[in-house]
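# Summary of the model geometry
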Amino acid sequence: LDFGLVADRDQIPDLWTILDALRSSLTELTALAAPRTPAAQRRPPSPTPRSESGPPGAVDIGAPARQTPGMAGSGPTRERLAGVLNAAYGDGLLSQSTLVHRLDQLFGSDLVDPDRLTGDLTFRGAGRSLADVLIRARRSVALILRAERPGAERLLALDWSGARDELMIGRDEGCDVVLTGATVSRRHVRLCFRDGAWILHDLQSTNGTLVNHQRVIRCRLIAGDRLDLGSERLTVD
């Protein structure tokens, strides 16, 4: 990368900080692309159903494997999280049953908390696995760009396959996605799937709806969009 074409470093320190973080990650990814003998990979055997259960995120809960219909229409962030979970299983950080349980939470819920699924995972060893490099690159840039805000940001896990054509979000318990924040209206927004895309429609909510910091009434969504429903923030996936 030729960084000499950019203006004086002192004039745009934030941009240079971001570029330095990305350049460091790119160097590691280039090194990973060099030919080498692949290490043996563990593949989870067919799980044996067991009756025990435990709290979400617990280790060795013995949760049985089951089909997760949302996988076919999942977004890119959920696919990346699944890669991190599988890498953690390969490193021995997760048992088979815990892997199955967390994948079920990832692909079987309308709201996904990434920190709850992967926040307790720390990759060690040489620290040069692809998953490790990607995680560090993402966190480096996120720390630079992220503004301070209360609460953890969650994923709005949409099905892009067309198997579902409507989703109601609001504070009312009858909504498909229930948000408990007091600034969220009882029926805040409706999402409709049309021609391969999700269309958001604000239902005259009291505090309005923002998509990428812009107030909207009707708007087509794409993966990665940031939604603000009152004080509740979601990332579309």
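Please refer to the structure higher up on the page.
Here's a quick rundown of the structure. All values reported here derive from a predicted model rather than from experimental measurement. (Residues numbered from 1 in each chain as written. Predicted model: local features only at pLDDT ≥ 70, side-chain atom pairs only at ≥ 80, totals over all residues. Heavy atoms only, no water.)

With that settled, the discussion passes to the overall build of the chain. Each helix and strand in the chain was counted, giving five helices and 11 strands. The contacts of the chain with a sequence gap of at least 6 include a subset with a gap of at least 24, amounting to 53%. When the accessible surface of the chain is summed, it comes to about 14300 Å², and 51% of that surface belongs to carbon and sulfur atoms. (Helix = DSSP H or I, 4+ residues; strand = E, 2+ residues; numbered from the N terminus. Contact = heavy atoms within 4.5 Å. Areas by Shrake-Rupley, 256 points an atom, 1.4 Å probe, with all protein chains shown as cover.)

With that out of the way, let us pick up the pairing of strand E9 (residues 218-221). Across a regular strand the side chains alternate sides, sitting on one face of the sheet and then on the other. Alternating positions in E9 separate cleanly, Cys219 and Leu221 being buried on one face and Arg218 and Arg220 remaining unburied on the opposite face. For strand E6 (residues 197-202) and E9, the ladder comprises four bridges, and the chain directions are antiparallel. Looking at E9, one finds that Trp198 is bridged to Leu221. (Buried < 20%, exposed > 50% of the residue type's maximum accessible area, 1.4 Å probe, protein only. Pairing = 2+ DSSP bridges.)

With that settled, consider the sheet that holds strand E2 (residues 154-156). Read from one edge of the open sheet, six strands run E1-E2-E11-E10-E7-E8, paired in mixed fashion. Bordering the open sheet on either side are strand E1 (111-112) and strand E8 (214-216), each of which pairs with just one other strand. Across two bridges, E1 lies against E2 in antiparallel orientation. Opposite Leu111, over in E2, you have Leu156 as the bridge partner.

Next up on the list: the pairing of strand E10 (residues 226-229). Inspection of the sheet shows strand E7 (residues 209-211) paired to E10 by three bridges, in the antiparallel sense. Paired with Thr209 across the strands is Leu229, a residue of E10. Summarising the sheet, E10 and strand E11 (residues 232-236) pair through four bridges and their orientation is antiparallel. Residue Leu227 lies in a different strand from E11, and its bridge partner there is Leu234. As consecutive antiparallel partners, E10 and E11 are separated by two residues, and within that stretch Gly230 has a phi angle of approximately 65 degrees, a positive value.

Attention now goes to helix H3 (residues 96-108). Given 3.6 residues to a turn, an α-helix orients residues that are three or four positions apart in the same direction. Here H3 contains 13 residues, and its C-alpha end-to-end distance of 18 Å stays within 8% of the 18 Å for a straight helix at 1.5 Å per residue. The buried fraction of H3 is high, at 11 of 13 residues. For H3, the full list of buried residues reads Ser97, Thr98, Leu99, Val100, His101, Arg102, Leu103, Asp104, Gln105, Leu106 and Phe107. At its buried positions, H3 is contacted by helix H2 (76-90), E1 and helix H4 (114-118). (Expected span 1.5 Å × (residues − 1).)

So far we have only geometry, and geometry alone does not tell us how the molecule works.
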